[in-house]
Amino acid sequence: QVQFVESGGGSVQPGGSLKLSCIASGFIISEKDMAWYRQVPGKQRELVATISTSWRDNYVDSVKGRFTISRDNGWRRISLQMNSLKPEDTAVYFCNQYPNVATSHDGEIWGQGTLVTVSL
């Protein structure tokens, strides 16, 4: 079955860096556009960055120039390098397919996410 396992989050000071990793399984990753999403408790999940099967990347305006998404199809891994982190980047980060997230008969499939906290 489709599964996502995110890792790499942590606590950093403003201006710091983190690299998130997501291992995807249960589907042929090379055939899917992928994305990183984030969610602040009490708010809707939002799209952060996307990467197509041809490695074309796009970013939400708030992270442009600071975040870089990449993929390694051989290792079934999607990564997000985050530099110059700001307190407003604090959230739980998830990876998933794009533009339609993975689903099963039970609904959307999400991993546990990885928490990023940016504070002094």
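Scroll up to find the structure.
Residues numbered from 1 in each chain as written. Predicted model: local features only at pLDDT ≥ 70, side-chain atom pairs only at ≥ 80, totals over all residues. Heavy atoms only, no water.

## Observations concerning the sheet that holds strand S1 (residues 3-7)
Sheet strands line up and pair through hydrogen bonds in the backbone, either parallel or antiparallel. Put simply, the rule reads: In this analysis, strands are considered paired if DSSP registers two or more bridges between them. A run of H or I in DSSP counts as a helix once it spans at least four residues, and a run of E counts as a strand once it spans at least two, with each numbered from the N terminus. Angles here are taken between N-to-C directions and fall from 0 to 180 degrees, while the axes themselves are lines fitted to C-alpha atoms, restricted in helices to the stretch in contact.
Read from one edge of the open sheet, four strands run S1-S3-S8-S7, paired in antiparallel fashion. Strands at the two margins of the open sheet, each flanked by one partner only, are S1 and strand S7 (67-72). The mean angle between the axes of side-by-side strands here comes to 15 degrees, regardless of whether they run parallel or antiparallel. Of the strand pairs in this sheet, strand S3 (residues 18-25) and strand S8 (residues 77-82) are connected by six bridges, and their pairing is antiparallel. Within S8, the residue paired with Ser-21 across the bridge is Ser-79.

## Quick look at the pairing of strand S12 (residues 114-118)
Selection criterion: Type-normalised accessible area, obtained with a 1.4 Å probe on protein chains alone, sets the label of each residue: buried when under 20%, exposed when over 50%, and partly exposed for intermediate values.
A one-sided burial pattern is seen for S12, the buried positions being Thr-114, Val-116 and Val-118 and the unburied ones Leu-115 and Thr-117. The pairing of strand S2 (residues 10-12) with S12 spans three bridges and is classified as parallel. Within S12, the position partnered with Val-12 by the bridge is Val-118. Relative to S12, strand S9 (residues 91-98) runs antiparallel, the two sharing three bridges.

## Comments concerning the pattern of salt bridges
For clarity, the cut-off: The salt bridge definition used is simple: a Lys or Arg side-chain nitrogen within 4 Å of an Asp or Glu carboxyl oxygen.
Within this structure, the stated rule accounts for five salt bridges. Among the salt bridges present, the one from Arg-38 reaches Glu-46, with a minimum N-O distance of 2.6 Å. Accessibility expressed as a relative area gives 6% for Arg-38, which makes it buried. In this structure, Arg-38 engages Asp-89 in a salt bridge whose closest nitrogen and oxygen atoms are separated by 3.0 Å. Separated by 51 residues along the polypeptide, Arg-38 in strand S4 (residues 33-39) and Asp-89 in the loop between S8 and S9 bring together distant segments of the chain. The same class applies to Arg-38 and to Asp-89, which are both buried. By sharing partners, the salt bridges in this structure join Arg-38, Glu-46, Arg-66 and Asp-89 into a single network.

## Some remarks on the side chain of Arg-66
The condition is simple: Whenever two N or O atoms come within 3.5 Å, that pair is a polar contact, provided that in protein one can donate a hydrogen and the other can accept it, and provided that, for residues adjacent in sequence, both atoms are side-chain atoms. Whether two residues touch is decided by their heavy atoms; if any such pair falls within 4.5 Å, the residues are in contact.
Along the chain, Arg-66 falls in the loop between strand S6 (57-59) and S7. At 2.7 Å, the side chain of Arg-66 forms a polar contact with the side chain of Asp-89. Those residues within four positions of Arg-66 in sequence are excluded, and the remaining contacts are Gln-81, Met-82, Asn-83, Ser-84, Leu-85, Lys-86 and Asp-89.

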